[in-house]
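One letter stands for each residue in the lines below.
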Amino acid sequence: MKKTGFTTTALNVPFTKKDPHNSLQMPLYESVAFEFDSAEQIEANFKGEHIAHVYSRSSSPTVEYFELKIKALTNSNAVVAVSSGMAAISNTILAVTKAGDNIISSNQLFGHTLALFKQTFAEFGLETRFSNLKSKEEIERLIDEKTRAIYFETVTNPQLEIVDIEILTEIAQKYNLLLIADSTITPPNVFRAGKFGVNIELISTTKYISGGATSFGGAIIDHGNYDWNLNPNFSDYTEKFKKNAFIAKIRKNIYRNTGGSMAPQTAKMQIHGLDLLELRVERCYKNCMDLGVFFEAHPKVKKVVYPGLKSASNYKLAEKYFNGVPGTIMTFDLESKEACFAFMNKLQIIRRPTNLNDNKSLIIHPHSTIYGEFPEEERAEAGIHDTMMRLSVGIENVEDLIADIEGALD
Ligand code: PLP
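Here the structure is a predicted model, which means the values were calculated and not measured.

*Asks:* Kindly report on the overall build of the chain, identifying the contributing residues and their values.
*Replies:* Looking only at helices and strands, the chain features 15 helices and 11 strands. Counting only C-alpha atoms and orienting by the principal axes, one finds that the chain spans roughly 75 × 55 × 40 Å. Looking at the 410 residues of the chain, the share that counts as buried comes to 55%. Intrachain contacts of the chain at a sequence separation of at least 6 include 71% that bridge at least 24 residues. When the accessible surface of the chain is split by element, carbon and sulfur atoms take 51% of a total near 18,500 Å². When the 44 positive and 50 negative side-chain charges of the chain are each reduced to one mean point, those points stand 4 Å apart.

*Asks:* Which residues make up the sheet that holds strand β1 (residues 78-82), and what are the values?
*Replies:* In spatial order, the strands read β1-β7-β6-β5-β4-β2-β3; together these seven strands make up an open sheet with mixed pairing. Where the open sheet ends on each side, the last strands, each with one partner, are β1 and β3 (127-130). Adjacent strand axes in the sheet meet at a mean angle of 20° when their direction is disregarded. Pairing of strand β6 (residues 200-204) with strand β7 (residues 218-222), which is carried by five bridges, proceeds in the antiparallel orientation. When the sheet's bridge partners are listed, Leu-202 is paired in β7 with Ile-220. Set on the sheet, helix α5 (residues 111-120) makes contact with β2 (102-105), β3 and β4 (147-153); between it and β3 the angle comes to about 120°.

*Asks:* Just give me the short version of the sheet that holds strand β11 (residues 388-392), but keep the residues and values in it.
*Replies:* Across a sheet, strands are paired by hydrogen bonds formed along the backbone, either parallel or antiparallel in direction. Taking strand neighbours across the sheet as the criterion, the four strands line up as β8-β9-β11-β10 in an open arrangement whose pairing is antiparallel. Taken across any chain shown, the strands that pair with only one partner, and hence form the sheet edges, are β8 (303-305) and β10 (362-364). Between one strand and the next, the sheet's axes are offset by a mean angle of 20°, whatever the strand orientation. Bridge analysis of β10 against β11 gives three bridges, and the strand direction is antiparallel. The partner of Ile-364 across the bridge, within β11, is Arg-390. Its contacts with the sheet place helix α13 (residues 337-346) against β9 (329-333), β10 and β11, and it is angled at close to 30° to β11.

*Asks:* I'd like a description of the packing of aromatic side chains, backed by residues and values.
*Replies:* By convention here, two paired aromatic rings are described through the distance between centres and the angle between planes. Counted according to the given criterion, the structure contains 16 aromatic pairs. Ring geometry for Trp-228 versus Phe-246: centroids 5.1 Å apart, planes at 15°, classification stacked. In this pair, Trp-228 sits in the loop between β7 and α8 (235-241) while Phe-246 sits in helix α9 (residues 245-258), placing the two residues 18 residues apart along the sequence. The exposure class assigned to Trp-228 is buried, which follows from its relative accessible area of 2%. For the pair Phe-234 and Phe-246, a centre-to-centre distance of 6.3 Å together with 50° between the ring planes defines the contact as tilted.

*Asks:* How would you summarise the site of the ligand if you had to cite specific residues and measurements?
*Replies:* Within the structure, the ligand sits among Ser-84, Gly-85, Met-86, Phe-110, Asn-157, Asp-182, Thr-184, Ser-204, Thr-206, Lys-207, Phe-216 and Gly-217. Separating an oxygen atom of the ligand from a side-chain N or O atom of Asn-157 is a distance of 3.0 Å. Thr-206 places a polar side-chain atom, nitrogen or oxygen, 2.6 Å from an oxygen atom of the ligand. Surface burial for the ligand is 92%, taken as the share of its 390 Å² of free accessible area covered by protein chains. Residue classes in the shell around the ligand are distributed as three nonpolar, seven polar and two charged.

*Asks:* Would you mind going over the packing of helix α11 (residues 277-297) against helix α15 (residues 398-409) in detail, with residue names and values included?
*Replies:* Running from N to C, α11 and α15 point in directions that differ by 30°, and their axes come no closer than 10 Å. As summarised for this structure, α11 and α15 are arranged roughly parallel, according to the angle between their axes. Considering the relative orientation of α11 and α15, their crossing is right-handed. Facing Asn-287, Asp-290, Leu-291, Phe-294 and Phe-295 of α11, the residues of α15 in contact are Val-398, Leu-401, Ile-402, Ile-405, Glu-406 and Leu-409. By residue class, the composition of the contact of α11 with α15 is eight nonpolar, one polar and two charged.

Analysis parameters
- Residues numbered from 1 in each chain as written.
- Predicted model: local features only at pLDDT ≥ 70, side-chain atom pairs only at ≥ 80, totals over all residues.
- Heavy atoms only, no water.
- Helix = DSSP H or I, 4+ residues; strand = E, 2+ residues; numbered from the N terminus.
- Buried < 20%, exposed > 50% of the residue type's maximum accessible area, 1.4 Å probe, protein only.
- Contact = heavy atoms within 4.5 Å.
- Areas by Shrake-Rupley, 256 points an atom, 1.4 Å probe, with all protein chains shown as cover.
- Lys, Arg positive; Asp, Glu negative; His and termini not counted.
- Charge placed at Lys NZ, Arg CZ, Asp CG, Glu CD.
- Pairing = 2+ DSSP bridges.
- Axes fitted to C-alpha atoms, helices over the stretch in contact; angles between N-to-C directions.
- Phe/Tyr/Trp six-rings, centres within 6.5 Å; stacked < 30°, edge-to-face > 60°.
- Near = heavy atom within 4 Å.
- Polar contact = N/O pair within 3.5 Å; in protein donor to acceptor, adjacent residues only side chain to side chain.
- Nonpolar A, V, L, I, M, F, W, Y, C, P; charged D, E, K, R; others polar.
- Parallel < 35°, antiparallel > 145°, perpendicular 65-115°, else oblique.
- Left-handed = near helix turned anticlockwise from the far one by under 90°.

Okay, here's the thing in structure tokens:
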């Protein structure tokens, strides 16, 4: 088929099998197991000679269609859908490393990713070496023969920092390391991870892709641009599966054995989330730009950060990697924690949960919530201050958002 735009592609990914009723939408296959015609056929399936869905913890038709849609939209080699963004991250790191190995990352990470690396994985002998990912020298100093990957977030949450991906690609290639990006904040319509040399892309589909905080999910995306022979942890898979060694290890080992599959009902909702993704992101972006202008002019706002604003220090990187649309999250500072709390309590349209990239605008005070469990020194190091709030901008009419904020700042 001719190459089409993002939304046209999303609406027209073909089914793997013709639907018996010519359904225009992918039906919801809510079934634990799938039957075989004979004992011989199920034997052939277990030998890998007859490919079919068997048991929904390993694969199922609606989830498979969701994976196919992400594959088409990211122009990637293969996709595995999982139960959450954290499942995508943990499955991937478990596949790539073993006890005694290490990965390089930054301390500017989503709070639970930071906790996964610092606490959970550390207890199993997997070390994360935290570096300033903007410093080539510092990263290179931390690499040794047990380093397997460099892990980063495209736009860090909530600091909204952007690393120069080109530098990371260069180092990863020089030392044969895998480059893993969490691109949750910058969805596939604004960020083409494979084009910039990312090998494995991870997305919490709970956010934009779910279509408005409808359901939990995650996507593991293999861009097909890494030689798995370079990592000894894939030696059981490379000969048989070659380019698909990573996906085979995920499917036949980590994902199947740890049980983090996506529910078919979730896949059904997220398939529709993908259809409207581009439109929703465009609207959120326009709202961000208008709010940015408003915040910059308001005397009570001490600082506003949105890399899409021309005044932002990382605007050039936002243009280079995300076409100027670096997600739709912004932060702003008031003079004190008390002022932030008073402001948040007065809001009537903007909501106060802990989530982002809903259709609704959401606000949170990261210092006292997502990062509350970290000592003050670590929060300061990670750039989390008690005067800062994170605003995830939704699709409401912008004049209503501005009126809500204006009223709460009074
Ligand atoms: N990555 C980022 C950047 C996130 O913001 C989040 C959640 O907020 C996650 C990963 C984890 O996703 P989930 O909540 O779907 O497990």
